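Working through the structure, step by step
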Amino acid sequence: MKEKLTFLGIETSCDETAAAVIKEKSDGTGEILSNIVSSQIDEHKEFGGVVPELAARAHVEKIELIVKKAIKESNLDINNLDGIAATAGPGLIVCLTVGLNIGKAIAGSLNKPFVAVNHLEGHALSPKINKKIKFPYLLLLISGGHTQFLEV
């Protein structure tokens, strides 16, 4: 692989289907080339919370379109990606499976690396995408049922 990486990231841990293309810059931060998110708020509103089976079906219906749109908006050819990443947990297993399966399929078809990402670690490290931040740093993480103060 080349020194500065470009990855497609896929997120399907709960009730949003998302894909983004991130390119590493020379200073070690990242440039977000695309970020496509499809929310499922309307699908779950009448139930007062997320229904896992409905969420998984919505991911299946939307994931291909979301991934294609993220790649198109990045202005890159899919073959120029250095790898594919997808959320591996925590989250709703029926939802995570959708993103993991398409991520692995894309990576396999392109003969590129696949990286399974811990959802909470992704949140904890995301401030470093746009800014140079020195370790350690204090983080308030609020995601779904997780609320934590962390030293990263």
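Owing to the predicted nature of the structure, the values given are computational and were not obtained by experimental measurement.

Observations concerning a nonpolar patch on the surface
Together, Leu-138, Leu-140, Ile-142 and Phe-149 make up a nonpolar patch on the protein surface, roughly 490 Å² of accessible area in all. Looking at the nonpolar patch element by element, the count peaks at three residues for strand 6 (residues 138-143). With respect to the element layout, Leu-140 can be found in strand 6.

Some thoughts on helix 2 (residues 52-73)
Between its first and last C-alpha atoms helix 2 spans 29 Å; for 22 residues at 1.5 Å apiece the expected length is 32 Å, and the two agree. The sharpest bend along helix 2 comes to roughly 45°, located at Lys-62. Every buried residue of helix 2 is accounted for by Ala-55, Ala-56, Ala-58, His-59, Lys-62, Ile-63, Ile-66, Val-67, Ala-70 and Ile-71. The elements touched by buried residues of helix 2 are strand 1 (6-11), strand 2 (16-24), strand 3 (30-39), helix 1 (41-44) and helix 3 (93-110). Positive phi appears at Asn-75, one or two residues downstream of helix 2, with a value of about 60°.

Thoughts on the pattern of salt bridges
Throughout the structure, instances matching the rule amount to five salt bridges. Notably, a salt bridge pairs Lys-4 with Glu-24, separated by 4.0 Å at the nearest N-O pair. Placement of the pair is Lys-4 in the segment before strand 1 and Glu-24 in strand 2, with a sequence separation of 20 residues. Measuring nitrogen to oxygen at the nearest pair gives 3.8 Å for the salt bridge that ties Lys-45 to Asp-42. One exposure class covers both Lys-45 and Asp-42, and it is exposed.

Description of unusual backbone geometry
A cis amide bond links Gly-89 with the next residue in sequence, Pro-90, at an omega value of -5°. If you trace the backbone, Pro-90 turns up in the loop between strand 4 (83-89) and helix 3. Along the chain, Phe-135 connects to Pro-136 via a cis peptide bond; the corresponding omega equals -15°. Mapped onto the secondary structure, Pro-136 falls in the loop between helix 5 (127-130) and strand 6. The backbone of Asn-75 shows a phi angle near 60°, a positive value even though the residue is not glycine. A positive phi is found at Asn-111, a non-glycine position, where the angle reads about 55°. Structurally, Asn-111 can be placed in the loop between helix 3 and strand 5 (114-118).

The rules behind these values
Residues numbered from 1 in each chain as written. Predicted model: local features only at pLDDT ≥ 70, side-chain atom pairs only at ≥ 80, totals over all residues. Heavy atoms only, no water. Patch = residues over 30% accessible without salt bridge, like charges linked within 9 Å, V, L, I, M, F, W, Y side chains within 5 Å. Areas by Shrake-Rupley, 256 points an atom, 1.4 Å probe, with all protein chains shown as cover. Salt bridge = Lys/Arg side-chain N within 4 Å of Asp/Glu carboxyl O. Helix = DSSP H or I, 4+ residues; strand = E, 2+ residues; numbered from the N terminus. Expected span 1.5 Å × (residues − 1). Bend = angle between axes of the 7 residues up to and from the residue. Buried < 20%, exposed > 50% of the residue type's maximum accessible area, 1.4 Å probe, protein only. Contact = heavy atoms within 4.5 Å.

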